[in-house]
Amino acid sequence: MPMKINYGASLFLLCLGLFAVFFILPLVYLFLMAFLDSGQNFVGFENFRTHIFQTHIFDALKNTLIVSLSSTMIGVSAALFCAYTLLRTGVGLKNFIHNAALLPLFVPSMMYGLGLVYLFGNKGILTTILLEPLNLSFSIYGAVGIIIAQSICVFPQSFILLYLALKSSDFRLYEQAKIMGISPIKQFFHLTLPSIKFALSSALLLSFILCFTDFGIPVVIGGNYMVLSVELYKQIVGQQNLNLGASIGIILLLPSLLSFFLLRRIEKNNQQELSPKATPYKINPNALRDRIGTAALFVILSLQLAVLLAVFLASIIKSYPYDLSLTLSHFNIQSNIDGLGTLKNSLYISFATALWGTIFSFIFVYCNEILIRSSLLKNAANFFMILPTAVPGLVLGIAYVLFFNQLDFKIGENLYLHNSFYALYGSFALIVLCNIMHFFSVPALSIKEAFMKIDKELGAMGKILGLSAFSMLKRVYFPLCLPAILESFIYYFLNAMVTISAVIFIYTSSNKVAAITIVHLDEKGFIEEAAALSILIVCINLIVKFTFNKIKNLSYKKFHIC
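Everything quoted here is computed from the prediction, not taken from an experiment.

Chemist: I would appreciate a short explanation of the overall build of the chain in the present structure.
Modeler: Tallying secondary structure elements over the chain gives 23 helices and four strands in all. Out of the 562 residues in the chain, the part that is buried amounts to 51%. Contacts spanning at least 24 positions in sequence make up 79% of the contacts within the chain whose residues lie at least 6 apart. When the accessible surface of the chain is split by element, carbon and sulfur atoms take 67% of a total near 27400 Å².

This is the structure in structure tokens:
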């Protein structure tokens, strides 16, 4: 009797195998390399003792902690203030403020470094207008510039988390507190903060991870202020010291892993559920409070808008401050040997990442939620869905260059194992795979949430009606998950367009992306062209986001999705 093949299990095992090869194995090899010398001999913690605690690397670690903690506190505090003011006061222009707060999501992180240079550099706009007439000096390069730029960069992620948490608050609790005579300040500390503690903890930890592992901002505006990410880049790309690079990568990974497990612990202890009887917050009229709140919001958001405006002006002014005539010649990127070719590469890679990443995420979740019954496989899949959140893109990029750029692995004395995946190094496919693994968690969890909302009785009803698994997928699961699928596509695309940390180590001259070109143009002194390329990326991201919002709205109407 021929053996019946379980295609669902086979497909799921294939997904797990791909995840193991392109995520787990490179990280395992990174860990091993940290304990080997250049001759692939085991040396234990020698790399850490000999190199990591050298003065310049230890100073880089200390500097990274200082700017990361400072940026996190400033960025999250500003995000909490904006979210609270929007939801708890009657400020005007709420839609405009909300959209402006999310604008950094569409912007390459390096762009904020460029904007700050044009505002506060030696001949910056604000330096010339405000500081020089008062005989004041201010250097934007170094820790101050990094902190300001990173604070803006982490602001939108924190704002989204805190805005959603505050929006779900139960107004009845505040009514009872008011009746009991509890002051608004005590209500904030004893009602508001406890109700958003998980979102606030998530914002703080995620922002710290982003700042701690950020590469784009320090390399543009850091000057001589050394941080770990830039030091890592110098060790691997400049000095080809792969073992030391692996050791620094482990150090960059530790805070992320610690934050990951800490968040999981907080999530388990956070048992608060929104009551079905909960009522939305009702804002009491107060004209003075609203005017002050509106002014404060515009002060906070004006900095990030000013930075974006400065970059735009840099892209259309011929040579600031010497020639203020307008031109579009910078958009030709003539000073770069690749011209606009790197932008085309970015579009190709981003589209491929979005397409194949969304397909992979949907199949992975579909198999896990519908086809697979094994609790062991389900638990493994659920763990894999959240694991990429613990691995910064910079660390994953290091792991990729170490693993896929190794022709043979030494497994014994004069004994080598050929690396079958070596052929992928330097290809577009490897960058796409790296991006898919890097950004996998959010799309997978979004699609999983969509599956969890589907009535389980639909599956049983389909079996009774004799519908095949493919018919159920086509007629039920895909239409109901379509909004999450579209959101996953746009998430992959936008992040692939602006990322630099995950691909900085694995690109070649033939597949260099626009985000890396921005850094190289800035290093060579062609800041105007770097600004022009940044503006092009922002415009593309905004157009794609707007288009997919229209498509998503049409899908709601077509499939009658609420």
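And the narrative resumes.
Chemist: Looking at this model, I keep getting lost on the environment of cysteine 82. Mind explaining?
Modeler: Relative to the helices and strands, cysteine 82 resides in helix α3 (residues 55–88). The exposure class assigned to cysteine 82 is buried, which follows from its relative accessible area of 1%. It is 9.1 Å that separates the C-alpha atoms of cysteine 82 and leucine 301, two residues lying 219 residues apart in sequence. Dropping the residues within four chain positions of it, cysteine 82 is found in contact with Phe155, Phe159, Leu297 and Ile300.

Chemist: Explain helix α18 (residues 428–438) to me, please; I cannot follow it from the model alone.
Modeler: Because the α-helix completes a turn every 3.6 residues, residues three or four places apart line up on one side. With eight of its 11 residues buried, α18 lies for the most part within the structure. By the burial criterion, the buried members of α18 are Leu430, Ile431, Val432, Cys434, Asn435, Ile436, Met437 and His438.

Chemist: Help me out: how do you make sense of the pattern of salt bridges in this one?
Modeler: Taken as a whole, this structure holds one salt bridge when the rule is applied. Its salt-bridge partner being arginine 289, residue aspartate 290 comes within 3.0 Å of it at the nearest N-O pair. What makes aspartate 290 buried here is its relative accessible area of 14%. Owing to a relative accessible area of 25%, arginine 289 belongs among the partly exposed residues under this scheme.

Chemist: Is there a simple way to think about the packing of helix α16 (residues 375–386) against helix α19 (residues 441–452) in this case?
Modeler: To characterise two packed helices, one gives the angle between the axes of the helices and the distance between these axes. At a minimum axis separation of 7 Å, α16 and α19 run at an interaxial angle of 130 degrees. With respect to α19, the axis of α16 lies oblique. In this structure, α16 uses Asn382, Met385 and Ile386 to contact α19, whose residues at the interface are Ser441, Ala444, Leu445 and Lys448. Its residues assigned to classes, the contact of α16 with α19 comprises four nonpolar, two polar and one charged.

Chemist: What is the right way to read the side chain of glutamate 528 from this model?
Modeler: As for its position among the elements, glutamate 528 is in helix α23 (residues 527–559). Lacking a salt bridge, the buried glutamate 528 has lysine 318 as its closest oppositely charged neighbour, with an N-O distance of 11 Å. Leave out the neighbours within four places in its chain, and glutamate 528 touches Tyr118, Ala314, Ser315, Ile317, Lys318, Ser319, Tyr320 and His330.

Chemist: Looking at this model, I keep getting lost on the side chain of histidine 520. Mind explaining?
Modeler: Residue placement: histidine 520 occurs in helix α22 (residues 514–524). What histidine 520 contacts, discounting residues up to four positions off in sequence, is Tyr233, Tyr507 and Lys512.

Chemist: I'm lost on the environment of glutamine 157 in this one. Help?
Modeler: The residue glutamine 157 is located in helix α7 (residues 143–167) in this model. In contact with glutamine 157, other than residues within four places in its own chain, are Leu105 and Leu210.

Chemist: Any chance you could explain a nonpolar patch on the surface here in plain terms?
Modeler: Together, Leu93, Phe96, Phe298 and Leu305 line one region of the surface with nonpolar side chains, adding up to about 360 Å² of accessible area. Among the structural elements, leucine 305 can be located in helix α14 (residues 287–316). Residue leucine 305 is classed as partly exposed on the basis of its relative accessible area of 31%.

Chemist: What am I meant to see in the confidence of the model for the chain here?
Modeler: As a note on interpretation, predicted positions should not be read in detail where pLDDT is low. Summing up the model confidence of the chain, the mean pLDDT is 81 and the portion of residues at 70 or higher is 88%. The secondary structure element of the chain with the lowest average pLDDT is helix α20 (residues 457–464), at 66, and the one with the highest is α18, at 93.

Chemist: Even after reading the chapter, I still don't get the packing of aromatic side chains, so can you show me in this structure?
Modeler: Describing an aromatic ring pair means giving the distance of the ring centres and the angle of the ring planes. Going through the model one piece at a time under the given rule, you end up with 28 aromatic pairs. Between the aromatic rings of phenylalanine 19 and phenylalanine 440, the centroid separation amounts to 5.7 Å while the plane-to-plane angle is 55 degrees, which identifies the pairing as tilted. Placement of phenylalanine 19 in helix α1 (residues 7–33) and of phenylalanine 440 in the loop between α18 and α19 is noted, with a sequence separation of 421 residues between them. The buried category is assigned to phenylalanine 19, whose relative accessible area is 0%. What makes phenylalanine 440 buried here is its relative accessible area of 0%. Between phenylalanine 22 and phenylalanine 421, the aromatic rings sit 6.0 Å apart at their centres with planes inclined by 70 degrees, giving edge-to-face as the arrangement. Of this pair, phenylalanine 22 sits in helix α1 while phenylalanine 421 is found in the loop between β4 (415–418) and α18, placing the two residues 399 residues apart along the sequence. Classification of phenylalanine 22 as buried rests on a relative accessible area of 7%. Accessibility expressed as a relative area gives 29% for phenylalanine 421, which makes it partly exposed. Each residue in the set Phe12, Phe19, Phe23, Phe360, Phe364, Phe383, Phe384 and Phe440 is aromatic and connected to the rest through ring pairs, giving one cluster.

So, how was this worked out
Residues numbered from 1 in each chain as written. Predicted model: local features only at pLDDT ≥ 70, side-chain atom pairs only at ≥ 80, totals over all residues. Heavy atoms only, no water. Helix = DSSP H or I, 4+ residues; strand = E, 2+ residues; numbered from the N terminus. Buried < 20%, exposed > 50% of the residue type's maximum accessible area, 1.4 Å probe, protein only. Contact = heavy atoms within 4.5 Å. Areas by Shrake-Rupley, 256 points an atom, 1.4 Å probe, with all protein chains shown as cover. Salt bridge = Lys/Arg side-chain N within 4 Å of Asp/Glu carboxyl O. Axes fitted to C-alpha atoms, helices over the stretch in contact; angles between N-to-C directions. Parallel < 35°, antiparallel > 145°, perpendicular 65-115°, else oblique. Nonpolar A, V, L, I, M, F, W, Y, C, P; charged D, E, K, R; others polar. Lys, Arg positive; Asp, Glu negative; His and termini not counted. Patch = residues over 30% accessible without salt bridge, like charges linked within 9 Å, V, L, I, M, F, W, Y side chains within 5 Å. pLDDT = per-residue confidence, 0-100. Phe/Tyr/Trp six-rings, centres within 6.5 Å; stacked < 30°, edge-to-face > 60°.

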